[in-house]
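Residues per chain, in single letters:
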Amino acid sequence: MTAPEPTGASVRLRPEIAALPAYRQGRPAPADGFKLSSNENPFDPLPSVAAAVSDAASHLNRYPDASALALRERLAARHDVSVDEVLVGAGSVSLLAQLIAAAAGPGDEVVYSWRSFEAYPGLVTVAGATSVTVPNNADHGHDLDAMAAAVTDRTRVVIVCSPNNPTGTIVTAVEFEAFMSKVPSDRLVLLDEAYIEFVRDEPEAVGRAVDGTALLGRYPNLVVLRTFSKAYGLAGLRVGYAIGAVPILDAARSTAIPLGVTATASAGAIASLEPDAEAELLNRVDVIVERRDRLRAALVEQGWPVPVAQGNFVWLPTGNETTAVAERLFDAGLVTRAFPLDGIRVSVGEEESVDTLLRILGELVPVSQEGRPA
Ligand SMILES: *Cc1c(COP(=O)(O)O)cnc(C)c1O
């Protein structure tokens, strides 16, 4: 008998976990290219934020404050809630994992729209629960009626993503309130608002976008998730927060790996909330929003059926041509996020990337007819 190869292949793992697609980060951008694949903020950190982070780094021999109290105090004051109604995590993806695990386990269902944020399916599986996905509507947004109808006795969590990653659509306040009135009040609703700072309302066309923080008092089963990764440009620091009812957040805290939010992360987030810093960061958001709207208008002009984009990215419904279009963009130095057979998400990045994007996509419109709705 030969000894088994020491590959680890025979170790008994949870089969549903072993079957998950391994995480592969997008390809790095070529030297003179642009990484438009992770919805990162193209601006460098503010000097005041970088200074706060490096000051905090001189205490790296110490553990951080486990509850990130100083940051929670700042967030609680701003959103007019108590400190215990704010939970801080190592990115809002961490908080999603914690909240899902707190509410749903084996035999339980988690409902969300699809296509939406790629992290949702894996987080549900890791919790041991089952995903129930509801197809996006023809406009690439959530079908909230169908989502409410998908709630069964087994449903423990419903996730609403507005603006939706990767399609950029929003849920309006009116739609969301109608949805909440149909979901039983003992089921957790997570409203993922990672991109809310980029929303610009178009009142006549679609109605005002939902803002979960304005609704927390009304719906005790609602938890709102926000992040410093996108508008605040701190993706590398890993810090996000949840606001909601204390018993829910306490349960979510119990599922966390302790001390995930470092002191450097808290310091960077707090420095970003200083009035001068925040004003400058929100000016940058305005710059990205202007660039996004200009990019989308030009793409629509070229013939691309790009949905109204309310995040820091645009969605190209490329269908069967997805891989081919993404390769062409890559060859031109633009790394994007392709979802084969479905579409491509392109982050709104450096101004210098816009011309190349429009030049390549302008050449590809005819090839992409297949991906276009009739
Ligand atoms: C980016 C993103 C998040 C948050 O990411 P973190 O960096 O973990 O805070 C959450 N939800 C969606 C839909 C996102 O796109």
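Residues numbered from 1 in each chain as written. Predicted model: local features only at pLDDT ≥ 70, side-chain atom pairs only at ≥ 80, totals over all residues. Heavy atoms only, no water.

An unreviewed UniProt entry annotates the chain as Aromatic amino acid aminotransferase originating from Agromyces ramosus. Quoted verbatim from the Function (unreviewed entry) field of UniProt, the annotation for the chain is "Aminotransferase that catalyzes the conversion of aromatic amino acids and 2-oxoglutarate into corresponding aromatic oxo acids and L-glutamate." (UniProt positions renumbered as here; feature names shortened; annotations may be inferred.)

### A few points about the overall build of the chain
In terms of helices and strands, the chain carries 13 helices and 12 strands. For 374 residues, the compact-globule estimate of 2.2 N^0.38 gives 21 Å, and the chain sits close to it at 21 Å. Per-residue burial for the chain yields a buried fraction of 50% across its 374 residues. Expressed as a percentage of contacts within the chain between residues at least 6 apart in sequence, the contacts between residues at least 24 apart total 71%. Within the chain, the 47 negative side-chain charges are centred at a point lying 4 Å from the centre of the 31 positive side-chain charges. (Helix = DSSP H or I, 4+ residues; strand = E, 2+ residues; numbered from the N terminus. Rg over C-alpha atoms; globule rule 2.2 N^0.38 Å. Buried < 20%, exposed > 50% of the residue type's maximum accessible area, 1.4 Å probe, protein only. Contact = heavy atoms within 4.5 Å. Lys, Arg positive; Asp, Glu negative; His and termini not counted. Charge placed at Lys NZ, Arg CZ, Asp CG, Glu CD.)

### Observations regarding the site of the ligand
Around the ligand sit 13 residues, and of these Ser92, Tyr195, Thr227, Ser229 and Lys230 come closest. Backbone polar atom of Ser92 to an oxygen atom of the ligand: 2.7 Å apart, as the coordinates give it. Within the complex, the protein chains bury 94% of what would otherwise be the 380 Å² of accessible surface of the ligand. Tallied by class, residues from the shell around the ligand come to five nonpolar, five polar and three charged. (Near = heavy atom within 4 Å. Polar contact = N/O pair within 3.5 Å; in protein donor to acceptor, adjacent residues only side chain to side chain. Areas by Shrake-Rupley, 256 points an atom, 1.4 Å probe, with all protein chains shown as cover. Nonpolar A, V, L, I, M, F, W, Y, C, P; charged D, E, K, R; others polar.)

### Things to note about the side chain of Thr264
Here Thr264 shows up in helix α10 (residues 263-272). For Thr264, a relative accessible area of 14% corresponds to the buried category. Polar side-chain contacts of Thr264 include one of 2.9 Å to the side chain of Thr262.

### Concerning helix α11 (residues 275-302)
Because each turn of an α-helix spans 3.6 residues, side chains separated by three or four positions in sequence point in the same direction. The end-to-end C-alpha separation of α11 is 40 Å, in line with the 40 Å expected for 28 residues at 1.5 Å each. Regarding α11, the residues found buried are Ala277, Glu278, Leu281, Arg284, Val285, Ile288, Val289, Arg291, Arg292, Leu295 and Leu299. Taken together, the buried residues of α11 touch α2 (47-56), α3 (69-79), α10, β9 (313-316) and α13 (351-364). The first or second residue beyond α11 is Gly303, which carries a positive phi of 110°. (Expected span 1.5 Å × (residues − 1).)

### Side note on the pattern of salt bridges
Across all of its chains, the model carries 22 salt bridges by this definition. Between Arg74 and Glu274 there is a salt bridge, with its nearest N and O atoms 3.3 Å apart. Residue Arg74 is located in helix α3, and its partner Glu274 is located in the loop between α10 and α11; the two are separated by 200 residues in the primary sequence. Relative accessible area serves as the criterion here: at 37%, Glu274 is assigned to the partly exposed category. Glu351 is the partner of Arg294 in a salt bridge, and the nearest nitrogen-oxygen pair spans 2.9 Å. Placement of Arg294 in helix α11 and of Glu351 in helix α13 is noted, with a sequence separation of 57 residues between them. A cluster of three or more residues bridged by salt bridges with shared partners is formed by Glu290, Arg291, Arg294 and Glu351. (Salt bridge = Lys/Arg side-chain N within 4 Å of Asp/Glu carboxyl O.)

### Concerning the UniProt feature "modified residue: N6-(pyridoxal phosphate)lysine" (unreviewed entry) in the chain
Mapped onto this structure's residue numbering, the UniProt feature "modified residue: N6-(pyridoxal phosphate)lysine" (unreviewed entry) falls at Lys230. Of note, Lys230 is situated in the loop between β7 (222-227) and β8 (240-243). Judged by relative accessible area, Lys230 falls into the buried class, the value being 14%. Among residues more than four places away in sequence, those in contact with Lys230 are Ser38, Asn39, Asn41, Ala194, Tyr195, Phe198 and Asn312.

### Focus: the environment of Arg74
On the basis of relative accessibility, which here comes to 30%, the residue Arg74 falls in the partly exposed class. Taking the C-alpha atoms as reference, Arg74 lies 17 Å from Ala214; in sequence the two are 140 residues apart. The residues touching Arg74, leaving out its near neighbours within four places in the chain, are Ile270, Leu273 and Glu274.

### Thoughts on the packing of helix α4 (residues 92-103) against helix α9 (residues 246-254)
Remark: α4 packs on α9, axes separated minimally by 8 Å, with the N-to-C direction vectors making an angle of 105°. On the basis of their axis angle, the class for α4 and α9 is roughly perpendicular. Residues Gln98, Leu99 and Ala102 of α4 form the contact with α9, whose own contacting residues are Ile248, Leu249, Ala251, Ala252 and Arg253. Of the residues assigned to the contact of α4 with α9, the class counts are six nonpolar, one polar and one charged. (Axes fitted to C-alpha atoms, helices over the stretch in contact; angles between N-to-C directions. Parallel < 35°, antiparallel > 145°, perpendicular 65-115°, else oblique.)

### Topic: α2
Inspection of α2 places Val49, Val53 and Ala56 among the buried residues, and these make up the whole buried set. All buried residues of α2 lie within an arc of 65° about the axis, which places them on one face of the element. Of the exposed residues in α2, those oriented more than 90 degrees away from the buried face are Pro47 and Asp55. Where α2 is buried, its residues meet α10. (Arc of directions from axis to C-beta.)

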